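Results of the structural survey
So the chains spell out like this:
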Amino acid sequence: MSEKTKIVIALGGNALQSKGTAPTAEAQLEVVKRTCEYIAEISGRGYEMALVHGNGPQVGRIILASETAKDVVPPMPFDVCGAMSQGYIGYHLQQALSYALSKRNRNVPVVTLTTQMVVEKADPAFQNPTKPIGGFYTEEEAKKLTEEKGYNMKEDAGRGWRRVVASPLPRKIKEIHAVRELWKDTIVITCGGGGIPVVENADGTTQGVDAVIDKDFAAELLAEQVDADILLILTEVEKVAVNFHKPDQKNLSHMTLAEAGTYIEEGHFAAGSMLPKVEAAMKFVRYNPSKKAIITSLDQAVQALEGRTGTVVTFA
Ligand SMILES: Nc1ncnc2c1ncn2[C@@H]1O[C@H](COP(=O)(O)OP(=O)(O)O)[C@@H](O)[C@H]1O
Ligand SMILES: NC(=O)OP(=O)(O)O
């Protein structure tokens, strides 16, 4: 790998979703086109990068469609739905990013790698579903879905109720060697939706499991394994806050590992939304204390890389 600054960018579900319109593939493509302008801008500044995207809303809809059509088409297992989400989100990103790069006369190839993520069979997450997927429901609708379909439903960071599924920790990127090879001259879209969750059998084969891995943790593992300089987590908010959504909310420009740990103990970060981002950032700087993680919004990504905004997480 070259000596340029290497970034792993984690793109939040909001970077792929249109607000206030039906969640169609066409609407997603329009949002992805806007997202890719920012990504191309970062590439234009000479950074090397890989992209990891979320899939919570998308995989939830694919699973729902499959379950709804179960009387006419055999339902797809979760891992296959995850693979489908990687394929179509990756396709949109490839199409839009290639165009955004070409407008800047940067003819860097962009490819999506179907990526399996090894998880542990015994991960306690299989007994405690926490990962929100699909759309948002009212509390009443959520109760009905639990009664009628047996879904696990939880409130998601003050935004409504969502179905939650198991989200085991990512342990090994099956295709990491291909990612490293591709990295040399390509923007690779990998570990989409956290990677397709698989377990390894004793004979070395892999087998899909019912889960959705958190893409922030997957991006962190990738950042470790490609020796990235920066883990850039892009979401809806410009900065991480303490006392979020309270009158005394305070946006943070910087957190050390120790400070982040204290804020977690004090309960400032919502599980399933901001908490995994902060935990992923902490894990990255703990793994390599000379590196940094940044959490910010997509539209502030360039400014955050220049040190002008975002929440920077460092070891000390
Ligand atoms: N302490 C906090 N500071 C900032 N945002 C927070 C905090 N706690 C919860 N959030 C919420 O977490 C959201 C980011 O999580 P989420 O939307 O699940 O991520 P993604 O962008 O990866 O889909 C923010 O948009 C915000 O609504
Ligand atoms: N898989 C995943 O973490 O998706 P979201 O970012 O959409 O929650």
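Residues numbered from 1 in each chain as written. Chains lettered and ligands numbered in written order. Predicted model: local features only at pLDDT ≥ 70, side-chain atom pairs only at ≥ 80, totals over all residues.

Our working rule: UniProt positions are given in the numbering used here, feature names are shortened, and annotations may be inferred rather than shown by experiment.
The name recorded for the protein in an unreviewed UniProt entry is Carbamate kinase, from Schaedlerella arabinosiphila. For the record of the protein, the UniProt heading Catalytic activity (unreviewed entry) holds the text "hydrogencarbonate + NH4(+) + ATP = carbamoyl phosphate + ADP + H2O + H(+)". The protein has a UniProt comment under Pathway (unreviewed entry) that states "Metabolic intermediate metabolism; carbamoyl phosphate degradation; CO(2) and NH(3) from carbamoyl phosphate: step 1/1."

Regarding the domain arrangement of the protein
Inclusion rule: Domain borders in the structure are assigned automatically or taken from a domain database. Counting from the N terminus, the helices are DSSP H or I runs at least four residues long and the strands are E runs at least two residues long. Polarity classes work like this: nonpolar for Ala, Val, Leu, Ile, Met, Phe, Trp, Tyr, Cys and Pro, charged for Asp, Glu, Lys and Arg, and polar for all others, with Gly in that last group.
By the assigned domains, the protein splits into domain 1 (1-121 + 168-228), domain 2 (130-165) and domain 3 (236-315). In this structure, domain 1 and domain 3 have C-alpha centres spaced 22 Å apart. Elements with a contribution of two residues or more to the side of domain 1 that touches domain 3: α1 (25-44) and α6 (215-225). Residue contributions to the side of domain 1 that touches domain 3 peak at six residues, all from α6. Taken together, the residues of the side of domain 1 that touches domain 3 break down into six nonpolar, three polar and five charged.

As for the site of ligand 2
To keep it simple, the criterion reads: Whether a residue is near a molecule or strand depends on its C-beta atom, placed from the backbone, lying within 6 Å of it.
Around ligand 2, the surrounding shell consists of G12, G13, G54, N55, G56, P57, G193, G194, V212, D214 and K215. Its residues assigned to classes, the shell around ligand 2 comprises two nonpolar, seven polar and two charged.

Some words on the sheet that holds strand β9 (residues 187-189)
Sheet strands line up and pair through hydrogen bonds in the backbone, either parallel or antiparallel. Put simply, the rule is: What makes two strands pair is DSSP finding at least two bridges between them. Axis lines are fitted through C-alpha atoms, for helices just across the contact stretch, and the angle between N-to-C directions can take any value from 0 to 180 degrees. We call two residues in contact when the distance between their C-beta atoms, placed using the backbone, is within 7 Å.
Taken in spatial order, the eight strands of this open sheet run β3-β9-β2-β1-β12-β16-β17-β15, and their pairing is mixed. Whereas interior strands pair on both sides, the edge strands pair on one side only; in this sheet they are β3 (110-112) and β15 (254-256). Strand-to-strand twist in this sheet, taken as the mean axis angle between neighbours without regard to direction, amounts to 20°. Of the strands in this sheet, β12 (230-235), β16 (292-297) and β17 (311-314) are in contact with helix α8 (residues 274-287), which crosses β12 at around 175°.

A word on the confidence of the model for the protein
Test applied: Per-residue confidence from the predictor is reported as pLDDT, a score between 0 and 100.
Averaged over all residues, the pLDDT of the protein is 95; the fraction at 70 or higher stands at 99%. Overall fold confidence for the complex sits at a pTM of 0.95, while the interface term, ipTM, reaches 0.98.

Thoughts on the site of ligand 1
Taken together, 16 residues lie near ligand 1, and G12, G13, T235, E236 and S273 sit nearest. A class-by-class count of the residues in the shell around ligand 1 yields eight nonpolar, seven polar and one charged. Summarising the domain contributions, the shell around ligand 1 has at least three residues from each of domain 1 (1-121 + 168-228) and domain 3 (236-315).

What to know about the sheet that holds strand β6 (residues 153-155)
Strand order in the open sheet formed by three strands is β5-β7-β6, and the pairing between neighbours is antiparallel. At either margin of the open sheet sits one strand with a lone partner, and together these are β5 (131-137) and β6. Looking at each pair of strands side by side, their axes are set apart by 40° on average, direction ignored. Both β5 and strand β7 (residues 161-165) contribute to a ladder of four bridges, which runs antiparallel. Considered in β7, the bridge of K131 is made with V165. Its contacts with the sheet place helix α2 (residues 56-68) against β5 and β7, and it is angled at close to 75° to β5.

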